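Structure assessment
The lines below spell out each chain.
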Amino acid sequence: MAAVSGLVRRPLREVSGLLKRRFHWTAPAALQAGLRPICEFMTFNFSMQAIDQVINSAAKTYYMSGGLQPVPIVFRGPNGASAGVAAQHSQCFAAWYGHCPGLKVVSPWNSEDAKGLIKSAIRDNNPVVVLENELMYGVPFEFPPEAQSKDFLIPIGKAKIERQGTHITVVSHSRPVGHCLEAAAVLSKEGVECEVINMRTIRPMDMETIEASVMKTNHLVTVEGGWPQFGVGAEICARIMEGPAFNFLDAPAVRVTGADVPMPYAKILEDNSIPQVKDIIFAIKKTLNI
Amino acid sequence: MRKMLAAVSRVLSGASQKPASRVLVASRNFANDATFEIKKCDLHRLEEGPPVTTVLTREDGLKYYRMMQTVRRMELKADQLYKQKIIRGFCHLCDGQEACCVGLEAGINPTDHLITAYRAHGFTFTRGLSVREILAELTGRKGGCAKGKGGSMHMYAKNFYGGNGIVGAQVPLGAGIALACKYNGKDEVCLTLYGDGAANQGQIFEAYNMAALWKLPCIFICENNRYGMGTSVERAAASTDYYKRGDFIPGLRVRTPVVGPGPRPRPRVDGMDILCVREATRFAAAYCRSGKGPILMELQTYRYHGHSMSDPGVSYRTREEIQEVRSKSDPIMLLKDRMVNSNLASVEELKEIDVEVRKEIEDAAQFATADPEPPLEELGYHIYSSDPPFEVRGANQWIKFKSVS
């Protein structure tokens, strides 16, 4: 809850731990009075209780009003699995929010992503969903000098190539980006060079960067924490088929995702319900037929 | 006399392993029951409320004492296991609130229904599960009541619907269970619990409306422990008279010590009073069973721990406040004093119960730490009910799990 302080000049914040969805009702109205609200969810699991306002009161309004009523609002909070918080508190909403026209959806991985993306989200005149990750809040990263400026922005809709490679394109968002880089480090020792792309934005998706990479490497693995059916990876695969990169694939594209189950509590089950480094390595090797 | 002879013969036969003091205890004449005065409840849209006196039998007293002590010790053991990282994730403890779970259970039948939020370990026990099954669920083992798949907030039992993680979501569910009660016509009621934080949620009011409209046998119970996570009731609610928030639904409030400085009434011994809770529950259940529709009950209580194990619980309240409640209004202490002072039990006898309870908890904790985790093959089990087995996708298309109903 303290993550936003310092980013806004004069915050008007009321914190109430359990009134998780109330702010949704007041925030869209507040912006009609010229304010730029940032609505924080304790986790995105609670956003399901307020999802009507996110979609129907925020996402669709500019369109429905024929361009009269913009909705410059930010919804932010931790998304996806944490550790041992079981089924109701571990869901990933990237695909849910990414599905909706009218919304922008970003998913930061490291510190500079977090800063640059939230600043862009606040300055954007549209409703932006910022899917953070609780387990990443405490992870330190190198913070480049340019990122320390107060006007450091990361454009929404642009992915970043975190690691150059030639043999295979590995596309991911949020915490799994770190797992992909770990897998890449292991595979590098075996002579396989992975190009790891950090999506940064779920919607609008940067297909150009992904396609250019696939056209170079001829292989694709997507990695996400959410469930497989109708997920982010599924969308990437569908779009690859629609675009120029399809003809460059030497093997079918492969998805690595969360297991298709509600998140179990017991540690051994939970560990096997999210993509592990070994699962990513396995998928890469299968795709490369090695 | 008969008791004394039996006790003496047990000792003489050498079969008994109880200490000699037991003989003395068994031979002492306790009262069979005692009458106690309990505080009047605040009423909303009710002409009369629960009685202001109640009879407690020795048998019931001992039972309540044991149950409350078991819940207390179980929660403290959970605290310990959490700090040892044997319990992970969320852990919301109810120590301090034992009068609520034990008192509510004392006022209803096992065939009645109960649903609550995440501070549910006490209710899981009072609704009939063993400490073993509860602790093993907290430690995520296959002997847990949900086979290790649910954890702290997702425990279920017969006529107990959890254990719900999303604040307030259980209240419309409770109204639905009450609907089923009415539909089935078996004279059952549903206790639908929520906290002072959830009380401000819109879905609560929707549930009130439907329950009142359709006269559902639903007892809405607000367990007001004064803090919704770290927000005190004064900062969260435009009206802290939670028993009145049902508006057209009659309500009663079981008051409790209001501690701390400020313009508040001084401490009164009530919602931490298990007898008060029991009488109020009996009254509310009778009201619902008579077909008059829903009723609302506010139990003013207090939790010693923070909101959960991640919350030290002292950044939004003082240690002095916690200490004051502990020393003046602890529910177990209140019952103990009453029983001892009215000769319903002796201090030694209650101490023995303490020892037995401690042992039970230790044994359960041993089991909970030694029991193996659920087998990996069962990761995909129980996705659907009553369906033929199917395949479940794992982290990639080559990892498959079988799903069995």
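These remarks concern the structure in this document.

With that settled, the discussion passes to the nonpolar core. Counting 75 residues, the largest nonpolar core has Leu104(B), Leu135(B), Leu191(B), Ile219(B) and Ile295(B) as the members making the most contacts within it. Contacts of Ile295(B), omitting those with residues within four sequence positions, involve Leu46(B), Cys218(B), Ile219(B), Phe220(B), Ile249(B), Pro250(B), Leu252(B), Phe283(B), Ala284(B), Tyr287(B) and Cys288(B). Listed in part, the 35 residues of the second largest apolar core include Phe75(A), Cys92(A), Ile202(A) and Val232(A).

Here the focus is the environment of Gly178(A). Relative to the helices and strands, Gly178(A) is located in helix H6 (residues 176–188). For Gly178(A), a relative accessible area of 18% gives the class buried.

Three- or four-residue spacings in an α-helix give side chains the same orientation, since the helix completes a turn every 3.6 residues. All names here are of chain B. The end-to-end C-alpha distance of helix H8 (residues 202–213), which contains 12 residues, comes to 17 Å, matching closely the 16 Å that a straight helix rising 1.5 Å per residue would cover. Taken residue by residue, H8 has Gly 202, Gln 203, Ile 204, Ala 207, Tyr 208 and Ala 211 as its buried positions. Positive backbone phi, approximately 50 degrees, marks Lys 215, located one or two places after H8.

On to the side chain of Arg72(B). Residue and element names in this part refer to chain B. By secondary structure assignment, the location of Arg 72 is in helix H3 (residues 58–83). Reaching out from Arg 72, the side chain makes a polar contact with the side chain of Glu 98 at a distance of 2.5 Å. Look past the residues within four positions of Arg 72 in its chain and what remains in contact with it is Asp 95, Gly 96, Glu 98, Tyr 304, Asp 330, Pro 331 and Ile 332.

Attention now goes to the packing of aromatic side chains. This structure, assessed with the given rule, holds 11 aromatic pairs over all chains. Judged by centre distance (6.1 Å) and plane angle (40 degrees), the ring pair of Phe93(A) and Tyr97(A) falls under tilted. On the basis of relative accessibility, which here comes to 0%, the residue Phe93(A) falls in the buried class. On the numbers, 5.0 Å between centres and 80 degrees between planes, the contact of Tyr208(B) with Phe220(B) is edge-to-face. Pair noted here: Tyr208(B) is in helix H8 and Phe220(B) is in strand S6 (residues 218–224), with a separation of 12 residues, a long-range link. Judged by its relative accessible area of 2%, Tyr208(B) is buried. Under the relative-accessibility criterion, Phe220(B) is labelled buried at 0%. Connected via pairs of aromatic rings, a cluster forms that spans Phe41(A), Phe44(A), Phe75(A), Phe93(A), Trp96(A) and Tyr97(A). The ring of Tyr265(A) carries the charged tip of Arg88(B) above its face, separated from the ring centre by 5.9 Å. We note Arg326(B) situated over the ring of Tyr304(B); from NZ or CZ to the ring centre the distance is 4.1 Å.

Conventions we followed
Residues numbered from 1 in each chain as written. Chains lettered and ligands numbered in written order. Predicted model: local features only at pLDDT ≥ 70, side-chain atom pairs only at ≥ 80, totals over all residues. Heavy atoms only, no water. Core = buried A, V, L, I, M, F, W, Y, C linked by side-chain atoms within 4.5 Å. Buried < 20%, exposed > 50% of the residue type's maximum accessible area, 1.4 Å probe, protein only. Contact = heavy atoms within 4.5 Å. Helix = DSSP H or I, 4+ residues; strand = E, 2+ residues; numbered from the N terminus. Expected span 1.5 Å × (residues − 1). Polar contact = N/O pair within 3.5 Å; in protein donor to acceptor, adjacent residues only side chain to side chain. Phe/Tyr/Trp six-rings, centres within 6.5 Å; stacked < 30°, edge-to-face > 60°. Lys NZ or Arg CZ within 6 Å of the ring centre and 35° of its normal.

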